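Structure assessment
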Amino acid sequence: MQKKPIAQLLRTGQPDETVTIQGWVRTKRELKEFAFMEVNDGSCLANLQVILNPDVPDYQTTLQRVNTGASVEVAGVLVPSPGKGQRIELRANSVQVYGEADPATYPLQKKRHSFEFLRTIGHLRSRTNTIGAVLRVRNACANAIHQFFQERGFLWIHSPIITASDCEGAGELFTVTNLNLNEIPKTEDQLVDFSQDFFGRQAYLTVSGQLQAEVMAMTFGNVYTFGPTFRAENSNTSRHLAEFWMVEPEMAFCDLQGDMDLAEEFLKYVFSSVLENCPEDMEFFNKRIDNSVLATADNIINNQFERITYTDAIAQLEKADRKFEYPVEWGTDLQSEHERYLAEELFQKPVIVSDYPVGIKAFYMRLNEDGKTVAAMDVLAPKIGEIIGGSQREERLDVLQQRIQNQGMNPEEFWWYLDLRRYGTVAHAGFGLGFERLVQFMTGMGNIRDVIPFPRTPLSAEF
Ligand code: 4AD
Ligand code: MG
């Protein structure tokens, strides 16, 4: 007897086939003559309907035990389903209950729970339809990302999590310490200095793998990183996490134009791939979370993104017949309301804004000929705002040294980064995609905390 994922049975299972399934009970319905039970095993959104006839061994006891949340193994025969919405169902010959779930205390009930409530039970929420679908789509996105780069010959670089560099120069770093917690003095008058505690040096959790990706691009040409990154910004918004995943391609012999082209091709590829591999989950989001999810995907895949310089974007914002909370002024960063106006209202599709003022961007971005702007680009998505941030990098040694100094940073700390400009320097460019923002964009989920299995925010690092 074969154990098969429910997703596979629902697709290819044939009447009269003998099968065994394993999963968790979603609901149970007792009728006079027999009972139904819906079982989910995480392989897909749909449950498999199981019919329990009184000839199942220990029928009465089993019925009492298969409450919502219980883990079960069911052996039986597939039969055509008379009900709507499913092709087949499973007539049970035997049911084994592995672990019961007491209905008096099990927090997931049949009704819809709010996402706020589900965040308080982070260890159980993946058993709901929505979070389950999110995590399958997240997996499909990750898979598509690797496929996209691997097909194009990009090398996956495992960039370090512990680092001494502040890539973005924004000072939003978590410090790493190897202090033995038991040795920390408990009294208030003994101050503890945590700042030099990575074996006597200063070290942080990385905010970006870009600098290391640049090192590797100077050997392998095209590379990418894909891993967790950390920001110690105290932002409690629906778009910020303290720990999030970032995808960072880096390409040697490439300029800003090539970088923008890659970003657009990349997003189109990932959307197509997820639609192909998770059609039911995507339909579900469209029906239950945001009824523009499928239209958005279609828009991404089939239309060219808008491209506009920062200077032109400012002009458009100044012309807009509306009042923004934050004033629009050349030289200041675009706020989320400005980004959303451009992507959601003005162009109604993703917008790539390029050539930002040098004063608001990181030290490594290449200075343009005008001396006022840098070869930077952000991809702004409807409803999300910035989803990708990237740039052509400064490959000229003297200009880079000056930029580092101007930003009040210490060029000595960047000796190895500057070496890349001393030995075989070349134009290169890359970008960083916020992976959770992509999953939000794709699923229509409103809060970033609900698209990562275990969110870390200033208010929560539980589970
Ligand atoms: O724009 P950012 O800060 O760019 C970099 O880190 C560059 N080093 C990337 C590169 O060129 N290789 O971050 C990149 C993206 C943002 O566009 C956003 O989508 C996401 O990372 N991001 C966050 N996502 C969730 N929570 C946060 N706190 C985030 N901060 C940035
Ligand atoms: Mg950015």
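Residues numbered from 1 in each chain as written. Chains lettered and ligands numbered in written order. Predicted model: local features only at pLDDT ≥ 70, side-chain atom pairs only at ≥ 80, totals over all residues.

1. Structural notes on the overall build of the protein chain
Within the protein chain one finds 13 helices and 16 strands. Referenced to the eigenvectors of the C-alpha coordinate spread, the extents of the protein chain come out at roughly 85 × 60 × 45 Å. Buried positions account for 38% of the 463 residues belonging to the protein chain. Long-range contacts, defined here as pairs at least 24 residues apart, represent 68% of the contacts in the protein chain between residues at least 6 apart. (Helix = DSSP H or I, 4+ residues; strand = E, 2+ residues; numbered from the N terminus. Buried ≥ 20, exposed ≤ 12 C-beta atoms within 10 Å, placed from the backbone. Contact = placed C-beta atoms within 7 Å.)

2. As for the site of ligand 1
Taken together, 23 residues lie near ligand 1, and Ser 208, Gln 210, Gly 389, Gly 432 and Gly 434 sit nearest. Elements with a contribution of two residues or more to the shell around ligand 1: strand 11 (243-252), strand 15 (385-392), strand 16 (428-434) and helix 13 (435-443). A breakdown of the residues in the shell around ligand 1 according to their chemical character gives 7 nonpolar, 9 polar and 7 charged. (Near = placed C-beta within 6 Å. Nonpolar A, V, L, I, M, F, W, Y, C, P; charged D, E, K, R; others polar.)

3. Description of the sheet that holds strand 12 (residues 306-309)
Across the sheet, 8 strands lie side by side as 7-10-11-16-15-14-13-12; this open sheet has mixed pairing. Sheet topology places strand 7 (155-156) and strand 12 at the edges, where each strand pairs with a single neighbour. In the sheet, strand 11 pairs with strand 16 via 5 bridges, with the strands oriented antiparallel. Considered in strand 16, the bridge of Glu 250 is made with Gly 430. Where helix 5 (residues 210-220) meets the sheet, it contacts strand 7, strand 10 (222-230), strand 11 and strand 16, and its direction lies at approximately 30° from that of strand 11. (Pairing = 2+ DSSP bridges. Axes fitted to C-alpha atoms, helices over the stretch in contact; angles between N-to-C directions.)

4. Digging into the nonpolar core
A general tendency of soluble globular proteins is for nonpolar side chains to be buried together. Ranked by internal contacts, the top residues of the largest apolar core, which has 93 residues, are Val 137, Cys 141 and Val 274. Setting aside anything within four residues of it in sequence, one finds Val 274 in contact with Val 137, Ala 140, Cys 141, Ala 144, Met 282 and Met 442. Core analysis: the next-biggest nonpolar cluster, separate from the first, contains 23 residues, Ile 6, Val 19, Cys 44 and Val 66 among them. (Core = buried A, V, L, I, M, F, W, Y, C linked by C-beta atoms within 7 Å.)

5. A few points about helix 10 (residues 336-346)
The complete set of buried residues in helix 10 reads His 338, Glu 339, Tyr 341, Leu 342 and Ala 343. Against helix 9 (310-319), strand 13 (351-357), strand 14 (373-381) and strand 15 lie the buried residues of helix 10. Backbone geometry just after helix 10 places Gln 348 at a positive phi near 55°.

6. What about the pairing of strand 16?
Counting buried positions along strand 16 yields 7 of 7 residues, so the element is predominantly enclosed. Taking every second residue as pointing to the same face, both faces of strand 16 are buried, with His 428, Gly 430, Gly 432 and Gly 434 on one and Ala 429, Phe 431 and Leu 433 on the other. Bridge analysis of strand 15 against strand 16 gives 5 bridges, and the strand direction is antiparallel. Residue pairing across strands places Ser 391 opposite Gly 430, the latter belonging to strand 16.

7. Regarding unusual backbone geometry
Positive phi values are uncommon outside glycine, yet Phe 199 reaches one of about 50°. With respect to the secondary-structure elements, Phe 199 resides in the loop between strand 8 (162-163) and strand 9 (204-205). For Phe 199, a count of 8 C-beta atoms within 10 Å gives the class exposed. A positive phi angle, near 55°, is found at Gln 348, a position not held by glycine. Among the structural elements, Gln 348 can be located in the loop between helix 10 and strand 13. Overall, the presence of 14 C-beta atoms within 10 Å leaves Gln 348 in the partly exposed class.

8. So, the packing of helix 6 (residues 256-277) against helix 8 (residues 293-302)
Relative to each other, helix 6 and helix 8 sit at 135°, their axes nearing to 8 Å. Between helix 6 and helix 8, the angle falls in the class oblique. Relative to helix 8, the crossing made by helix 6 is left-handed. For the pair helix 6 and helix 8, contact is made by Leu 267, Lys 268, Phe 271, Ser 272 and Leu 275 and by Ala 297, Ile 300 and Ile 301, respectively. A breakdown of the residues in the contact of helix 6 with helix 8 according to their chemical character gives 6 nonpolar, 1 polar and 1 charged. (Parallel < 35°, antiparallel > 145°, perpendicular 65-115°, else oblique. Left-handed = near helix turned anticlockwise from the far one by under 90°.)

9. Description of helix 9
For helix 9, the full list of buried residues reads Tyr 310, Ala 313, Ile 314 and Leu 317. All buried residues of helix 9 lie within an arc of 100° about the axis, which places them on one face of the element. Counted as exposed and oriented over 90 degrees from the buried face of helix 9: Glu 318 and Lys 319. Contacts made by the buried residues of helix 9 are with strand 12, helix 10, strand 13 and strand 14. (Arc of directions from axis to C-beta.)

10. Observations regarding the domain arrangement of the protein chain
When cut into domains, the protein chain gives domain 1 (2-99) and domain 2 (126-172 + 207-450). Computed over C-alpha atoms, the centres of domain 1 and domain 2 are 44 Å apart. Its residues placed into classes, the side of domain 1 that touches domain 2 shows 4 nonpolar, 1 polar and no charged. (Domains from an automatic or database assignment.)

11. Section: the confidence of the model for the protein chain
Atom-level detail of predicted coordinates should not be read off regions where pLDDT is low. For the protein chain, per-residue confidence averages 94 on the pLDDT scale, and residues scoring 70 or more make up 96% of the total. Model confidence for the complex is summarised by a pTM of 0.95, with the ipTM given as 0.99. (pLDDT = per-residue confidence, 0-100.)

12. Re the environment of Asn 234
Position of Asn 234 among the secondary structure elements: in the loop between strand 10 and strand 11. Taking the number of C-beta atoms within 10 Å as the measure of exposure, Asn 234 has 11 and is therefore exposed. Taking the C-alpha atoms as reference points, Asn 234 and Ala 362, 128 residues apart in sequence, are found 20 Å from one another.

13. Focus on the environment of Glu 276
Within the fold, Glu 276 resides in helix 6. For the pair Glu 276 and Asn 368, spaced 92 residues apart in the sequence, the C-alpha separation amounts to 41 Å.

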